[in-house]
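Okay, here's what each chain looks like letter by letter:
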Amino acid sequence: MSIRKITRSFLVIALAVATLAGCRKEPKPLPKEEIPHSVTEFNDAGAFYYGKFEDMDFNMFCTYLLNGKTRIEDGTISGVGIALWLDMNVEVNDQNELVVGEYGPARNDYAVNAFLKGSYVTIDGEEKIAGSYIYYRPLSGKAQYKLITNGKVTVNITNGKNYNIKATVLADGEEFVFDYYGYFAYTDVVRPTPTPGYVINDFKYGKLEDLGQPWSAYKNIRDWKILLGDDTKWVDGRELQFEIITSSTAKDIVGHYKVLTEEFNESTIKTALVPGSSLCGYIDGDEYFGTWLFPTNDDKTWLGATSGTVDIDKSGDTYTITFDFIDGFNDNASFKGKYVGKLEGGVEPQPDVIEINNFRYGLVEDLGQPWDAYKGIRDWKVLLGDDTTWADGREIQFELITSSSATDFTGSYKVLTEEFTESTMKTALVSGSALCGYIDGTEYYGTWLFPTNDDTTWLGATSGTVEVSKSGSTYTITFDLADKFNDNTRFKGSYTGTMQKKSNSAAMSPRRMSSPVVSMQKAAARTNYVERVGMRDTNVSTTNRHGSAASRTTGIHGTTSLGMQSAASGTKSAQRRAITAK
């Protein structure tokens, strides 16, 4: 059976490393079927350095000692002989090397100055090894793997360069002793090859995408994505992306921006993510986010900005974008230059506030209990408009929830956010709620506004309040609502007048689904701005280079430290190292 090696059951990547050479004694052939328990002769020794793991205070190393004709090639241990593999967490140091001292088995994955115990895991139906192990292959027969569960490893350095590594480990109930002295080779996976600086002043095309408010937790800011490249399809050629933050009220991207350091984390992000920021380059899964450069067409070299600035000016519809960045993880490789030209997409200005206080007519419909699963509540639909046929002119709708015993819809209502889900629906859908605006098929539900007669602009409430009071037969309805998908456009106003009442009106009430949740989650499919929201997920993203704020499942709004620190591991991936053993 072939067992592939990984180093964390939850983090798997492929490494491509060159065969590491070293001057050693000529290895003696091992007995045909006898596994040695004391090893003092080696053909190679070294470690793969994987950088600092997320925000933990340790560096990651995979240390190996190779005996006989064993070798590591293309991330794989193979050959006849015995090899020791230690998955180690090492105290952070300026040299990014193994720290002299004693290492024991880790109590958990995050223990410092320890090696991880070996274990079997199954991923995609394939059995793999996580942690530390011993590899052995006799002259005839298949490779064997023994999981290390205990032991002690000591690291010493003599004459400033020669390493003495002694390991007495327990693997599958057997004790093995490795005693190595000599040169020790480091392979830096974080900074594989020093990269020269790039100066690019001849990008041919530019594209601008307004992402709006990027994450619900970070208000008062606006997220923009700029792409510069050699190909309008954004598939071939060089490519540069900026992800910049302005104030929520900004109508364009002109300004000065400073790259947020890759070191900010979840505890500092709310103060760091401010107007004038450019997000550092980082990777989440197979998506690239923030500010980065592919300087060639082969996608093999990727630079993610960890410091630097970008300045943007505009004259007419021509932008001048000047950038100067450093990738601190890639030997401080620089990329800078200038682009002068138009940006496809551009900016679609939106009104800050739409205020309407002169609706002429009102209509209310008592829908009763809206869904079988939600008892104890009552659903009211309120329409205000310019036309009693509800066909022409401006129109606003509120869908309000009261207690089931209510005989009128007076009260205070707060819009349910579009982000609530089926798991939170039963607690969210309570008296005093106003349903957010959403679409199912061709029907409009919840709380929304058509501010003109042409039906081309539709705003769906994602937050805000509605107040309803009554004096005699006269109602006063005051509303202050916002549509965050449409540049946080607010629509507010009031209506004072009588309300025509209509019950069980098929003409007024569109089909009601069996559950509100499915349609609620379709808020992002609104016909008025579906193209803008959809663009966040697919437009420009013909490859995996382009992440977007709207489609993120991790990163700033999720696991911030993981997304931002990912640039430090492997090929700037959030995933930890893995070596495959055949």
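What you are looking at is a predicted structure, and each value in this text was computed from that prediction instead of being measured.

Thoughts on the overall build of the protein
Working step 1: Of the regular secondary structure elements, the protein holds 5 helices and 44 strands.
Working step 2: Expressed as a percentage of contacts within the protein between residues at least 6 apart in sequence, the contacts between residues at least 24 apart total 62%.
Working step 3: Approximately 25000 Å² of the protein is accessible, and the part contributed by carbon and sulfur atoms is 48%.

Brief notes about the pattern of salt bridges
Pairs can form between side chains of opposite charge once their charged atoms are near each other.
Working step 1: Under the counting rule described, the total for this entry stands at 14 salt bridges.
Working step 2: K342 is the salt-bridge partner of D317, the closest N and O atoms lying 3.5 Å from each other. A residue pair is termed long-range when its members are at least 10 positions apart, and D317 in the loop between strand 27 (307–315) and strand 28 (318–327) and K342 in the loop between strand 29 (333–341) and strand 30 (353–356) qualify at 25 residues.
Working step 3: By relative accessible area, D317 is classed as partly exposed at 44%.

Side note on the pairing of strand 18 (residues 205–212)
Working step 1: Most of strand 18 is tucked away: 7 of the 8 residues are buried.
Working step 2: Across 7 bridges, strand 18 lies against strand 19 (residues 221–229) in antiparallel orientation. Each bridged residue has a counterpart across the sheet, and for K207 the counterpart in strand 19 is L227.

Brief notes about the side chain of T246
Working step 1: On the secondary structure map, T246 appears in strand 20 (residues 239–247).
Working step 2: Relative accessible area serves as the criterion here: at 5%, T246 is assigned to the buried category.
Working step 3: Within the structure, T246 has its side chain in polar contact with the side chain of W224 (distance 2.8 Å).
Working step 4: In contact with T246, other than residues within four places in its own chain, are N220, I221, R222, W224, D252, Y257 and P275.

Details of the packing of aromatic side chains
By convention here, two paired aromatic rings are described through the distance between centres and the angle between planes.
Working step 1: Within the structure shown, the criterion is met by 29 aromatic pairs.
Working step 2: Sitting over the ring of F203, R238 keeps its end group 5.2 Å from the ring centre.
Working step 3: Over the ring of F359 we find R394, and its NZ or CZ is 5.2 Å from the ring centre.

Focus on the confidence of the model for the protein
Working step 1: When pLDDT is averaged along the protein, the result is 77, and 75% of the positions lie at 70 or above.
Working step 2: Confidence drops under pLDDT 50 across residues 1–25; counting only partners more than four residues distant or on other chains, this segment forms 97 contacts.
Working step 3: For residues 504–582, every residue scores under 50 in pLDDT, and the model assigns this stretch 264 contacts once sequence neighbours within four places are set aside.

Concerning the environment of K342
Working step 1: Among the residues examined, K342 registers a relative accessible area of 54% and is labelled exposed.
Working step 2: Considered as a pair, K342 and G206 are 136 residues apart in the sequence and their alpha carbons are 6.4 Å apart.
Working step 3: Setting aside its immediate chain neighbours within four residues, K342 contacts G206 and D317.
Working step 4: Here D317 takes part through its side chain, which lies 3.5 Å from a polar atom of the side chain of K342.

Some thoughts on the environment of G437
Working step 1: Note on placement: G437 falls in the loop between strand 35 (433–434) and strand 36 (438–440).
Working step 2: Classification of G437 by relative accessible area gives buried; the value is 0%.
Working step 3: Linking G437 and Q397, residues 40 residues apart in sequence, is a C-alpha distance of 9.1 Å.

Some remarks on unusual backbone geometry
Working step 1: For N113, which is not glycine, the phi dihedral falls at a positive 55 degrees.
Working step 2: Locating N113 in the fold gives a position in the loop between strand 8 (101–105) and strand 9 (114–115).
Working step 3: Among the residues examined, N113 registers a relative accessible area of 26% and is labelled partly exposed.

Some words on the pairing of strand 3 (residues 44–52)
Working step 1: For strand 3, a buried count of 8 out of 9 residues is recorded, marking the element as mostly surrounded by other parts of the structure.
Working step 2: In this structure, strand 3 lies alongside strand 4 (residues 58–66), joined through 7 bridges in antiparallel fashion. Bridging across to strand 4, A47 finds its partner in T63.

Considering the nonpolar core
Working step 1: Membership of the largest hydrophobic core comes to 37 residues, with the highest contact counts inside it found for F398, L400, F409, L429, V466, I477 and M499.
Working step 2: If you list the elements that add at least two residues to this core, you get strand 30, strand 32 (377–385), strand 33 (395–403), strand 34 (411–415), strand 40 (463–471), strand 41 (474–483) and strand 42 (489–497).
Working step 3: Contacts of L429, omitting those with residues within four sequence positions, involve W371, Y374, I377, I401, L416 and L435.
Working step 4: Core analysis: the next-biggest nonpolar cluster, separate from the first, contains 36 residues, F242, Y257, V259 and I269 among them.

Side note on the environment of D87
Working step 1: If you trace the backbone, D87 turns up in strand 7 (residues 81–91).
Working step 2: For the pair D87 and A47, spaced 40 residues apart in the sequence, the C-alpha separation amounts to 9.6 Å.

Focus: the side chain of T63
Working step 1: Secondary-structure assignment places T63 in strand 4.
Working step 2: On the basis of relative accessibility, which here comes to 3%, the residue T63 falls in the buried class.
Working step 3: Not counting chain neighbours up to four residues away, the residues in contact with T63 comprise G46, A47, L84, W85, L86, M88, L98 and F184.

Rules used in this analysis
Think of each chain on its own: its residues are numbered from 1, step by step along the sequence as written. The predicted origin of the model limits local features to residues at a pLDDT of at least 70 and limits the giving and counting of side-chain atom pairs to 80 or more, whereas totals for whole chains, interfaces and linings rest on all residues. Just so you know, side-chain values use all the structure's heavy atoms and leave hydrogens and water out. Only DSSP runs of H or I with at least four residues qualify as helices, and only runs of E with at least two residues qualify as strands; both kinds are numbered from the N terminus onward. Working rule for contacts: check all heavy atoms of both residues, and any pair within 4.5 Å makes them a contact. Reported accessibility uses the Shrake-Rupley method at a 1.4 Å probe radius. Residues are deemed covered only where the shown protein chains occlude them. Here, a salt bridge means any side-chain nitrogen of Lys or Arg that lies within 4 Å of a carboxyl oxygen of Asp or Glu. Each residue's exposure class comes from its accessible area (1.4 Å probe, protein chains only) as a fraction of the maximum for that residue type: buried when under 20%, exposed when over 50%, partly exposed otherwise. In this description, strands pair whenever DSSP reports at least two bridges between them. For the purposes of these results, a polar contact is taken to be a pair of N or O atoms within 3.5 Å, where, inside protein, one atom must be able to donate a hydrogen and its partner to accept one; residues adjacent in sequence count only when each atom of the pair is a side-chain atom. Only Phe, Tyr and Trp rings are paired, with Trp represented by its six-membered ring, and only when their centres lie within 6.5 Å; those with planes under 30 degrees apart are stacked, over 60 edge-to-face, the remainder tilted. Charge-over-ring placement is defined geometrically: NZ (Lys) or CZ (Arg) within 6 Å of the ring centre, and within 35 degrees of the ring normal. The predictor's confidence in any single residue is recorded as pLDDT, a number from 0 to 100. Grouping buried Ala, Val, Leu, Ile, Met, Phe, Trp, Tyr and Cys residues that are joined through side-chain atoms within 4.5 Å yields what is termed a nonpolar core.

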